[in-house]
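The chain contents come next:
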Amino acid sequence: MVFRKWSKINYKQLRTNNYELNTSNERSIFMQNKANFRKVKLNVNKVLTRNYEQMNTWSIGKNEPKTNPNEPKFKKAKMNVTSILTVGYENKPPIRAPKKQTQFSKRQKPMQTSLPQRIMKKTVLSGSDKTKPNKPNFSQFQRQKNAAKSLTRRYTKGGRLPQIRHCKRIVRKGTIVADTFLNRRDFVKMMGLGAAALAMPKLPVFGNRLRRKPNFVFILIDDMGFKDLGCYGSTFYETPNIDKLAADGMRFTDAYAACPVCSPTRASIMTGKYPARLNHTDYLVGRRRGKLIPPEYIHQMPLEEVTIAEALKEAGYTTCFIGKWHLGDKPYWPEHQGFDVNIGGTRSGMPRNYFWPQWRGNPPIQGRAGEYLTDRLTDEALKFLEGKKDKPFLLYLSHYAVHIPLQAKKDMIEKYKAKAAKQPTKEARFLPEGRSKARQVQDHPVYAGMVESVDESVGRVMKKLEDLGVADNTVVIFMSDNGGLSTAEGLPTSNLPLRAGKGWLYEGGIREPMIIKWPGVVKPQSVCSEPVTSTDFYPTMLEMAGLPLKPKQHIDGVSLVPLLKGRKTLKREAIFWHYPHYGNQGGSPGGVVRAGDYKLIEFYEDNRLELYNLKADIGEKNNLADKMPGTAARLRKKLQIWRKEVHAQMPKPNPDY
């Protein structure tokens, strides 16, 4: 069949009642003008499409097979579909849509209206013009989706679909809601997978249902160090389930928390902003003083912030938070920040005890006699998953472990005591670090038992996803909120080869184990060495879900999707830290910038600079500030400009020191 060119289309015929949606007659939607549209008899049980309103162009040919061998649900569909018109969007300035819908009769021409200008394609005409179209903004079609679904059902009940040779507008209930035209590539992207398979036989058919938005399981561990996992080099702790997660996804070697302590990092994950920009720069509530008086900071994550949970909830996700929140007292709890369900999330930063009934009230979760808290939180996570397999969900499992108090199950403690006895070391267990000392060897039996309980939790969650049949459509993210506790409060772990630990701006305090499993996208056993940080989760999860980004919200985050798809680097010059406080673990106020392989630390007490090449000196032993003054000055200037941009609050001299 030879198609007439766009310039020869009779617009008068196309502006008739053929475009008016006659909702009173379910079997006659578009067509009454038989001169322009042919009858095509279809017998289709289901049209596999979510966005029927995007199918603006149809063409009837003679080379399409009569049946689709890949789709047994379709019964001998007599179709002739040869190609999708590639005319593209018409290059003309858009016209704003009126606030009220405009009804028109059969013979009356409809008003020309269109979506806002940012939705319109600029130029994609066939011929000499080769300008590529911008990606469509799906958020503008949300209201049309529900109408399109109902129209699809009507078509299938009536036993036929309208065959439109050329279509230029999207019309709903007699009102033009879009003035747009798709080319072949964008049409395939925007239409339902089942309809795309019918129109283009070379495309695969993905079963009897569309691929849903991916589910998210975000597992956040408290105080887990960079080397606390087998897949990151530990030979003492046993973490087979997390190691398997890393083998199934991507393991990041240069992943950072936005702060060396917990609360600011947790806020950065939720908001996509640096803690300095939020003025939420210390745990709740730190008040230490020294030579300097730390600045005042807010003790909650503001309700004005649009969290990643709120963004996903707006897109139809069911959201659940379980475990440690530590981002403010009432009314700043998870249920006020986008979570449908909150189990145990309060202002508390640590449990009273890891065994029931000793933890009673902190966290406010019921337990059974002798039950271990990590197991209880996992039980709650599994209950949530059981009821949410048919709808996209966000499960945010935020463990209190491996934070103090140091408590583990008795059988695990005995297991690791025996293991430590068989692995005696001649190395010094502790070496000086500032005014403190740092553990050099991983051999703490209680801490090892806590790590193994976390690993068991991850294994149980992954098994439940498999049992429910949703594992292949679930993104799993694993991360820690700050470095391992190596210089205070029991000194239970070692972060070697990294220097220091929690509360410090050295690598041991901010570099974290991080794993992302994205089935069907991330290549198993992938390893990424690009520097990334906790502000990046927000835009990454939005892009994974196919949702529009919110750059004014996650202003400091960068989507990691390119890395997850195989790209080696991101277009980002540097990552920054601002910690104007004294850590409980011995760290002092300072700021940090990492650009490429170089990391500069500026200590606020005496303005001292330390410069390290992390590629050659991951243990930060060789200070290059005096040897490379130009690099140090350049990075310091970059850090100062950034602090001014985010309005970072600086400490002041302490007159009583």
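In the block above lies the structure referred to throughout.
In this text the structure is predicted, and so the values were computed from the model without any measurement. (Residues numbered from 1 in each chain as written. Predicted model: local features only at pLDDT ≥ 70, side-chain atom pairs only at ≥ 80, totals over all residues. Heavy atoms only, no water.)

Along the protein chain, the regular secondary structure elements total 15 helices and 19 strands. Taken over 657 residues, the protein chain has a buried fraction of 59%. Contacts in the protein chain between residues far apart in sequence, at least 24 positions, make up 68% of those at least 6 positions apart. A total accessible area of about 29900 Å² is found for the protein chain, and carbon and sulfur atoms account for 50% of it. (Helix = DSSP H or I, 4+ residues; strand = E, 2+ residues; numbered from the N terminus. Buried < 20%, exposed > 50% of the residue type's maximum accessible area, 1.4 Å probe, protein only. Contact = heavy atoms within 4.5 Å. Areas by Shrake-Rupley, 256 points an atom, 1.4 Å probe, with all protein chains shown as cover.)

Examined bridge by bridge, strand β9 (residues 430–433) and strand β10 (residues 436–439) share 4 bridges and lie antiparallel to one another. What sits directly across from Pro 432, in β10, is Lys 437. Counting the residues in the hairpin turn of β9 and β10 gives 2 residues, including Gly 434, whose phi is positive at 60 degrees. (Pairing = 2+ DSSP bridges.)

Attention now goes to the state of the cysteines. Per the stated rule, a full pass over the model turns up 0 disulfides. Note on Cys 259: no disulfide assigned, nearest cysteine sulfur contributed by Cys 262 at a separation of 8.5 Å. The exposure class of Cys 259 is buried, given its relative accessible area of 1%. For Cys 262, a relative accessible area of 4% gives the class buried. (Disulfide = S-S within 2.5 Å.)

A separate point is the packing of aromatic side chains. Across all of its chains, the model carries 21 aromatic pairs by this definition. Judged by centre distance (5.9 Å) and plane angle (65 degrees), the rings of Phe 236 and Tyr 237 are edge-to-face. Of the residues examined, Tyr 237 reaches a relative accessible area of 3% and is grouped as buried. Centre to centre, the rings of Phe 321 and Trp 325 are 5.0 Å apart; their planes meet at 85 degrees, and the pair counts as edge-to-face. The class for Trp 325 is buried, based on a relative accessible area of 1%. An aromatic cluster is defined as three or more aromatic residues linked by ring pairs; in this entry it consists of Phe 218, Phe 321, Trp 325, Phe 339, Tyr 396 and Phe 537. (Phe/Tyr/Trp six-rings, centres within 6.5 Å; stacked < 30°, edge-to-face > 60°.)

A side chain with one charge can pair with a side chain of the opposite charge if their charged atoms come near. Summed over all chains, the structure comprises 37 salt bridges. Taking the shortest distance from any N to any O, the salt bridge between Lys 463 and Asp 467 comes out at 3.0 Å. Highlighted residues: Lys 463 and Asp 467, both in helix α11 (residues 445–468), separated by 4 residues, approximately one helical turn. Taken individually, Lys 463 and Asp 467 each receive the classification exposed, so the pair is uniform in this respect. Between Arg 608 and Glu 610 there is a salt bridge; the shortest N-O distance is 3.4 Å. Judged by its relative accessible area of 35%, Arg 608 is partly exposed. With relative accessibility at 9%, the residue Glu 610 sits in the buried group. (Salt bridge = Lys/Arg side-chain N within 4 Å of Asp/Glu carboxyl O.)

The topology assignment puts Phe 339 in the loop between β6 (318–323) and β7 (341–343). On a C-alpha basis, the gap between Phe 339 and Glu 310 in space is 7.2 Å, while along the polypeptide they are 29 residues apart.

This part takes up the packing of helix α10 (residues 410–421) against α11. When two helices pack together, their arrangement is given by the angle between the helix axes and by the axis-to-axis distance. Here α10 crosses α11 at 120 degrees, and the two axes come no closer than 8 Å. The orientation of α10 relative to α11 falls into the category oblique. Relative to α11, α10 is oriented so that their crossing is right-handed. On α11, the residues that touch Met 412, Ile 413, Lys 415, Tyr 416 and Lys 417 of α10 are Pro 445, Val 446, Ala 448, Gly 449, Glu 452, Ser 453 and Glu 456. Looking at the contact of α10 with α11, its residues break down into 6 nonpolar, 2 polar and 4 charged. (Axes fitted to C-alpha atoms, helices over the stretch in contact; angles between N-to-C directions. Parallel < 35°, antiparallel > 145°, perpendicular 65-115°, else oblique. Left-handed = near helix turned anticlockwise from the far one by under 90°. Nonpolar A, V, L, I, M, F, W, Y, C, P; charged D, E, K, R; others polar.)

Moving on: the environment of Gly 345. With respect to the helices and strands, the residue Gly 345 is situated in the loop between β7 and α9 (373–386). Residue Gly 345 is classed as buried on the basis of its relative accessible area of 1%. With 12 residues separating them in the primary sequence, Gly 345 and Trp 333 have C-alpha atoms 6.7 Å apart. Filtering out sequence-adjacent residues up to four positions away, Gly 345 remains in contact with Phe 321, Gly 323, Trp 325, Trp 333 and Pro 334.

Bringing α9 into the picture now. Taking 1.5 Å per residue as the helical rise, α9 with its 14 residues ought to reach 20 Å, and the 20 Å between its terminal C-alpha atoms agrees with that figure. Here α9 lies mainly inside the structure; 12 of its 14 residues are buried. Restricting attention to buried positions, one finds in α9 the residues Leu 373, Thr 374, Asp 375, Arg 376, Leu 377, Thr 378, Asp 379, Glu 380, Ala 381, Leu 382, Phe 384 and Leu 385. (Expected span 1.5 Å × (residues − 1).)

Now for the sheet that holds strand β16 (residues 590–595). Judged by pairing direction, the sheet is antiparallel, and its 4 strands sit side by side in the order β15-β16-β17-β18 without closing on themselves. Lying at the two open borders of the sheet, with one neighbouring strand each, are β15 (575–579) and β18 (608–613). The average angle at which neighbouring strand axes cross in this sheet is 10 degrees, direction not considered. Both β15 and β16 contribute to a ladder of 5 bridges, which runs antiparallel. Considered in β16, the bridge of Phe 576 is made with Val 593.

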